[in-house]
Amino acid sequence: MTQVVESTAGTDELPLLADLVSGGDVVVLSGAGLSTESGIPDYRGETGRRRRAEPITYQAFTGSEAARRRYWARSHLGWRHIAAARPNAGHRAVAELQRRGLVAGIITQNVDGLQQAAGASGVIELHGALDRVVCLSCGQRTPRARLDARLHAANPGFAARANAINPDGDAVLPDADIAAFRVVACERCGGVLKPDVIFFGENVPPARVRDCYALTEGAGALLVLGSSLTVLSGYRFVRHASRHGVPVAIVNRGATRGDEHALVTVDAPLGATLTALLGELGR
């Protein structure tokens, strides 16, 4: 039976989570909720309902030059917001758990690189990362910083200001600013450039999924952090853990799709809860 903690990180039930983590071999599955305290919006609020922002699909990006122009104009501006973000207490706590030898692996659904920036290593980026760019023709991967410099050079008068920042660095811009934006091609072959992330409608590489399944079924516990698990991409690993008898703990703001599989769920802020967990484990 799931034991639900709905209060803040100082709750008396925190030892339940600490007992589970203290056994080691923990695999962390993190979602957008872990990065919201760093100022990066998520696609779903605490209710789990999708926000009004609609992410671009793989089919739209590959099928339309206008869609690519719209994406890159918005992302060129929004990337500054992602690049300026810094790890928060939750990211640092996960890295500390790994340093203490309690975390055997980390799977992240996030594309912001903040877990690695906090000091975590061996992170499986389930959906890729925004700091890389891939050519859809020749497969060459290049740093996002290189593309950023090229887009600056190609759009010297681009002085648009974002009306808002959506998840994954998608800046809301007026149509006039988008229409004037110039997109650049792959320097090697002239092909279409895409951020090295998995778009909606695109499949995660099978080998990456297999690695995540193997890591999950061999875990001492699966610790889900900041994910509503609404999308199958992450939820499948919770189901996989449950089928293999691996205990699941979930820390998230609001209910999740995986709560029925969890031994413990904690509905509380991520940074404060994980910091308190470190304190509990240190006793």
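Nothing here was measured: the structure is a model prediction, and the numbers come from that model.

Q: Got a sec to walk through the environment of Gly122? Specific residues and values, please.
A: Inspection of the secondary structure puts Gly122 in the loop between α5 (114-117) and β4 (123-125). Here the alpha-carbon distance between Gly122 and Ala262, two residues 140 residues apart in the chain, equals 25 Å.

Q: Mind laying out the packing of helix α1 (residues 14-22) against helix α10 (residues 270-281), listing which residues take part and the relevant values?
A: Two elements in contact, α1 and α10, have axes whose closest approach is 9 Å; the angle formed by their N-to-C orientations is 70°. Classed by the angle they form, the pair α1 and α10 counts as roughly perpendicular. As α1 runs across α10, the sense of the crossing is right-handed. Counted together, Leu14, Pro15, Leu17, Ala18, Val21 and Ser22 of α1 and Thr273, Ala276, Leu277, Glu280 and Leu281 of α10 form the full contact between these two elements. Of the residues that constitute the contact of α1 with α10, the class distribution is eight nonpolar, two polar and one charged.

Q: Any chance you could break down the packing of aromatic side chains for me, citing the residues and the numbers?
A: Scanning the entire structure with this criterion turns up six aromatic pairs. On the numbers, 5.7 Å between centres and 90° between planes, the contact of Phe61 with Tyr71 is edge-to-face. Taken as a pair, Phe61 in helix α2 (residues 58-63) and Tyr71 in helix α3 (residues 65-84) lie far apart in primary sequence, ten residues in all. Of the residues examined, Phe61 reaches a relative accessible area of 0% and is grouped as buried. Using a relative accessible area of 11% as the deciding quantity, one classes Tyr71 as buried. One aromatic cluster is present, formed by Phe61, Tyr71, Trp72 and Phe199 through successive ring pairs. Sitting over the ring of Phe199, Lys194 keeps its end group 4.7 Å from the ring centre.

Q: Describe in detail the packing of helix α8 (residues 206-217) against helix α9 (residues 232-243), supporting the description with residues and values.
A: When two helices pack together, you describe them by how their axes are tilted relative to each other and by the distance separating the axes. Across the interface, α8 lies against α9 with an axial gap of 9 Å and an inter-helix angle of 35°. For the crossing formed where α8 meets α9, the hand is right-handed. Contacts between α8 and α9 involve Val209, Cys212, Tyr213, Thr216 and Glu217 from the former and Arg236, Phe237, His240 and Ala241 from the latter. Its residues assigned to classes, the contact of α8 with α9 comprises five nonpolar, two polar and two charged.

Parameters at a glance
Numbering of residues starts from 1 in each chain and follows the order in which that chain's sequence is written. Side-chain atom pairs in this predicted model are given and counted only at pLDDT of 80 or more, local residue features only at pLDDT of at least 70, and totals for whole chains, interfaces and linings cover all residues. Hydrogens and water are ignored here; the side-chain numbers use all heavy atoms of the structure. Counting from the N terminus, the helices are DSSP H or I runs at least four residues long and the strands are E runs at least two residues long. To obtain each axis, a line is fitted to C-alpha atoms, and for helices this fit is confined to the stretch in contact; angles are then taken between N-to-C directions over 0 to 180 degrees. An angle counts as roughly parallel when it lies under 35 degrees, as roughly antiparallel when it exceeds 145, as roughly perpendicular when it falls between 65 and 115, and as oblique in every other case. By definition, any crossing whose near helix is turned counterclockwise from its far helix by less than a right angle is left-handed, and any crossing with a clockwise turn is right-handed. Every residue pair with non-hydrogen atoms within 4.5 Å of one another is taken to be in contact. All amino acids are sorted into three groups, where Ala, Val, Leu, Ile, Met, Phe, Trp, Tyr, Cys and Pro are nonpolar, Asp, Glu, Lys and Arg are charged, and the leftover types, Gly among them, are polar. In this analysis, rings of Phe, Tyr and Trp, with Trp reduced to its six-membered ring, are considered paired at centre separations within 6.5 Å, and the interplanar angle assigns stacked below 30 degrees, edge-to-face beyond 60, and tilted for intermediate values. Type-normalised accessible area, obtained with a 1.4 Å probe on protein chains alone, sets the label of each residue: buried when under 20%, exposed when over 50%, and partly exposed for intermediate values. We call a charge positioned over a ring when the NZ of a Lys or the CZ of an Arg lies within 6 Å of the ring centre and within 35 degrees of the ring normal.

Everything listed here is a matter of coordinates, which is why it stays silent on function.
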